[in-house]
Amino acid sequence: MLPTESATRSAYAVGIRAEGLTKQYGDKAAVSDLSFSAEPGVITGFLGPNGSGKSTTLRMLLGLVRPTQGKITIGGHHIAELDDPARTIGTLLDARAIHPHRTAQDHLLAFAHAAGLGRERVDEVLEIVGLTDAATRRAGEYSLGMKQRLGIATALLGDPGVLVFDEPLNGLDPEGIRWIRTLMRKMAAEGRTILFSSHLMSEMELTADNLIVIGQGRLIAESTLDEFVRAHTTQGVTVRTASRVELVRALNRAGIKLEETPDSGLLVHGVDSATVGRIAAAEGIALEELTKVRESLEDIFLRLTHDVTDYGSQPA
Ligand SMILES: Nc1ncnc2c1ncn2[C@@H]1O[C@H](COP(=O)(O)OP(=O)(O)OP(=O)(O)O)[C@@H](O)[C@H]1O
C-alpha cells in the first residue's frame, strides 16, 4: 500500500530504509544483503521464521549491533545521527526488560527526564495505554500484557514519527490484541511509520498493510499484504459430490492432481473452478459444492519459509 498524500505531508513523514544490510557472526550470516523500506502512513509487518534475522535487523536499526556491510536508516540518518531520537523513533524490543521494583510511573518518568520531557507526557501515555490506575504499582507485579502496555507507553513518550514494535502482542489477551491493532492503525493514519513483527499470522493478516518477509537473513518478499497473498496463493478448489469415485476417475484421466479432505471432500490442485465444473458436467456428475481455495497468510508463510527455516519444528 502506498502512503496516503496526507500521511506523506504530515509532520511525521520519516521512513525506515535498509540497504544491502549484512551482519556476519563468524561464518554465520545472521542478515545478508537485506534491502527494504517501511513507509510513513502504513503498517509494515516484519515476518520470518525463528532465527531468520529479525531481531538482528531491528538491533542494527537501533544502533545496538553494527552492520558488517550496508546500512539501515531512519529518514536517511543512522540512529546515532538523530538530533532528537526520542521524538523520532520509539521502540518496544523486550517488554520484560523493566526494573521490577520500579512503578510504571517512575519507569516512565526516568525515560521522560532523560528525553527532556515533562511529567504531563507521562500521564498522557499512561492514559493512552490504559495503565493510569496501575501507574503506582511495581512493574514486577505486572502481567506480561501490562508490561507490553508499559513498553508501548515508553515507546510513545516522545510522540515519535517512527514506531518499531518487536512481538508487541506477546502476553496480550484478545481485548489487548484488538487494542494494539487499533492503536497501530491510528498511529499509521496520523502519518507515522509503523514496523512490527509478530509470529501470530492471523493478526498480521488483520493488521499489516505491507509485508517484509525474510528467511535465513535474506529478503523473501516485500509487497502489500494483498499482493503477497494474491501472488502466492496456489490455485485450487474444494469440491463435494455424491459421485465421488466417478469424479476422481474423470479428474485423474485429465491428469489433474487431487487429494481427499478429512471431511470427505476433494481438494483439487492447480486448476480453477470452471475447469472442474466443465469436467464434472461432461461426465454428468452433479456437484454439491465447488469452492475456490483461499489460503491464509499462515499457509503461505509456512510454505514459503519451509525451506529456509533455521529452527523449524518437525512435522507431527
Ligand atoms: N550475537 C550473536 N552471535 C552469534 N550468532 C548470533 C548472534 N545473534 C544472532 N545470531 C544468529 O543469527 C541468526 C539470526 O538471529 P536473530 O535473533 O536475528 O533471528 P530472529 O529472526 O530474531 O529469531 P527469533 O524470531 O527466534 O527471535 C540466528 O542463527 C542466531 O543464532
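Per an unreviewed UniProt entry, the protein goes by ABC-2 type transport system ATP-binding protein and derives from Sinosporangium album. UniProt's Sequence similarities (unreviewed entry) comment on the protein is quoted here verbatim: "Belongs to the ABC transporter superfamily."

Caption draft 1: Molecular detail of the overall build of the protein. Along the backbone of the protein there are twelve helices and 13 strands. The C-alpha extent of the protein, read off along each of the three principal axes, is 75 × 45 × 45 Å. In the protein, buried positions account for 47% of the 316 residues. Taking the contacts inside the protein whose residues are at least 6 apart along the sequence as the reference set, 69% of them involve residues at least 24 apart. Accessible area of the protein: about 16,000 Å², with a carbon and sulfur share of 49%. Of note, the protein has its 33 positive side-chain charges centred 2 Å away from the centre of its 41 negative side-chain charges.

Caption draft 2: A look at the packing of aromatic side chains. All chains considered together, the criterion is met by one aromatic pair. Ring centres of F36 and F46 lie 5.7 Å apart, and the angle between their planes is 40 degrees; on these two criteria the pair is classed as tilted. In this pair, F36 is assigned in strand β2 (residues 28-38) and F46 in strand β3 (residues 43-47), connecting sequence segments ten residues apart. Taken individually, F36 and F46 each receive the classification buried, so the pair is uniform in this respect. A cation over an aromatic ring shows up here: K23 above the ring of Y25, its NZ or CZ 5.3 Å from the ring centre. Positioned over the ring face of W179 is R149, at 4.4 Å from the centre of the ring.

Caption draft 3: The arrangement of the side chain of T241 in detail. Structurally, the position occupied by T241 is in the loop between β10 (236-240) and α10 (244-253). A distance of 3.0 Å separates a polar atom in the side chain of T241 from the backbone nitrogen of S243. Polar contacts involving the side chain of T241 include one to the main-chain carbonyl oxygen of A286, which spans 2.8 Å.

Caption draft 4: Geometry of the nonpolar core. Residues I152 and L211 are the most contacted members of the largest nonpolar core, which totals 49 residues. Looking at this core, the element that brings in the most residues is helix α7 (residues 174-189), giving seven residues.

Caption draft 5: Focus on helix α2 (residues 54-61). Burial analysis of α2 places six of its eight residues in the buried class, which makes it a mostly covered element. Three or more residues of α2 are buried, namely K54, T56, T57, L58, M60 and L61. Of the residues trailing α2, G63 is marked for its positive phi of about 75 degrees.

Caption draft 6: How the structure looks around the site of the ligand. Inspection of the region around the ligand gives 13 residues, with G51, G53, K54, S55 and T56 positioned closest. A distance of 2.7 Å separates an oxygen atom of the ligand from a polar backbone atom of G51. At 3.0 Å, a backbone N or O of S52 approaches an oxygen atom of the ligand. Burial of the ligand by the surrounding chains reaches 61%, relative to a free accessible area of 630 Å². It is α2 that provides the largest number of residues to the shell around the ligand, a total of three residues. In the shell around the ligand, the residues fall into four nonpolar, six polar and three charged.

Caption draft 7: Structural detail: the pattern of salt bridges. Overall, the coordinates contain 13 salt bridges when judged by the stated rule. Residue E190 is joined to K186 by a salt bridge in which the shortest nitrogen-to-oxygen separation is 3.3 Å. By relative accessible area, E190 is classed as partly exposed at 28%. Classification of K186 by relative accessible area gives partly exposed; the value is 48%. Here E283 ties to R253 by a salt bridge, and the two come within 3.1 Å at their closest N and O atoms. Here E283, found in the loop between α11 (273-282) and β13 (289-292), pairs with R253, found in helix α10; they are 30 residues apart in sequence, far enough to count as distant. Take R253: its relative accessible area is 56%, and that puts it in the exposed class. When salt bridges that share partners are traced, they join D159, K186, E190 and R192 into one network.

Caption draft 8: View of helix α12 (residues 297-305). Those residues of α12 that sit buried are L297, I300, F301 and T305. Projected onto a plane normal to the axis of α12, the buried residues spread over an arc of 110 degrees and lie on a single side. Packing partners of the buried residues in α12 comprise β3, α8 (201-207), β8 (210-215), β9 (218-224) and α9 (225-232).

Caption draft 9: Spatial organisation of the sheet that holds strand β4 (residues 69-74). If you trace the three strands from one edge of the open sheet to the other, you get β2-β1-β4, paired in antiparallel fashion. Taken across any chain shown, the strands that pair with only one partner, and hence form the sheet edges, are β2 and β4. Recorded for the sheet is a direction-independent mean angle of 20 degrees between the axes of neighbouring strands. The sheet contact formed by strand β1 (residues 16-25) and β4 spans five bridges and is antiparallel.

About the cut-offs
- The numbers attached to residues start from 1 for each chain and follow its sequence in the written order.
- Residue-level local features of this predicted model are given only where pLDDT is at least 70; pairs of side-chain atoms are given and counted only at 80 or more, and the full residue set underlies all totals for whole chains, interfaces and linings.
- Note: side-chain values were computed over all heavy atoms of the structure, leaving out hydrogens and water.
- UniProt positions are given in the numbering used here, feature names are shortened, and annotations may be inferred rather than shown by experiment.
- Helix numbering and strand numbering both begin at the N terminus, where a helix is a DSSP run of H or I of at least 4 residues and a strand a DSSP run of E of at least 2.
- Relative accessibility under 20% of the residue-type maximum defines a buried residue, over 50% an exposed one, and the middle range a partly exposed one, all with a 1.4 Å probe and only protein chains included.
- The criterion used for residue contact is that any of the two residues' heavy atoms lie within 4.5 Å.
- In these tables, accessible area is a Shrake-Rupley quantity obtained with a 1.4 Å probe, and a residue counts as shielded only by the protein chains included in the view.
- Neither His nor the chain termini are counted; the positive set is Lys and Arg, and the negative set is Asp and Glu.
- To locate a charge, the coordinates of NZ of Lys, CZ of Arg, CG of Asp or CD of Glu are taken.
- Working definition: a ring pair exists when centres of Phe, Tyr or Trp rings (six-membered ring for Trp) sit within 6.5 Å. Plane angles under 30 degrees give stacked, over 60 give edge-to-face, the rest tilted.
- Two conditions define a charge sitting above a ring: the NZ of Lys or the CZ of Arg must be within 6 Å of the ring centre, and it must be within 35 degrees of the ring normal.
- What qualifies as a polar contact is a pair of N or O atoms within 3.5 Å, subject to a donor-acceptor requirement within protein and to the restriction that residues adjacent in sequence count only when both atoms come from side chains.
- Nonpolar cores are built from buried Ala, Val, Leu, Ile, Met, Phe, Trp, Tyr and Cys residues. Side-chain atoms within 4.5 Å join them into one set.
- By convention in these notes, a residue is near a molecule or strand provided one of its non-hydrogen atoms lies within 4 Å of it.
- The nonpolar class holds Ala, Val, Leu, Ile, Met, Phe, Trp, Tyr, Cys and Pro. Asp, Glu, Lys and Arg form the charged class, and all remaining residues, Gly among them, are polar.
- A pairing counts as a salt bridge when a side-chain nitrogen of Lys or Arg comes within 4 Å of a carboxyl oxygen of Asp or Glu.
- Throughout, the arc means the angular range of directions from the helix axis out to the C-beta atoms.
- Following DSSP output, two strands are said to pair if at least two bridges run between them.
- Simply put, an axis is a line fit to the C-alpha atoms, just over the touching stretch for a helix, and the angle between two N-to-C directions goes from 0 to 180 degrees.

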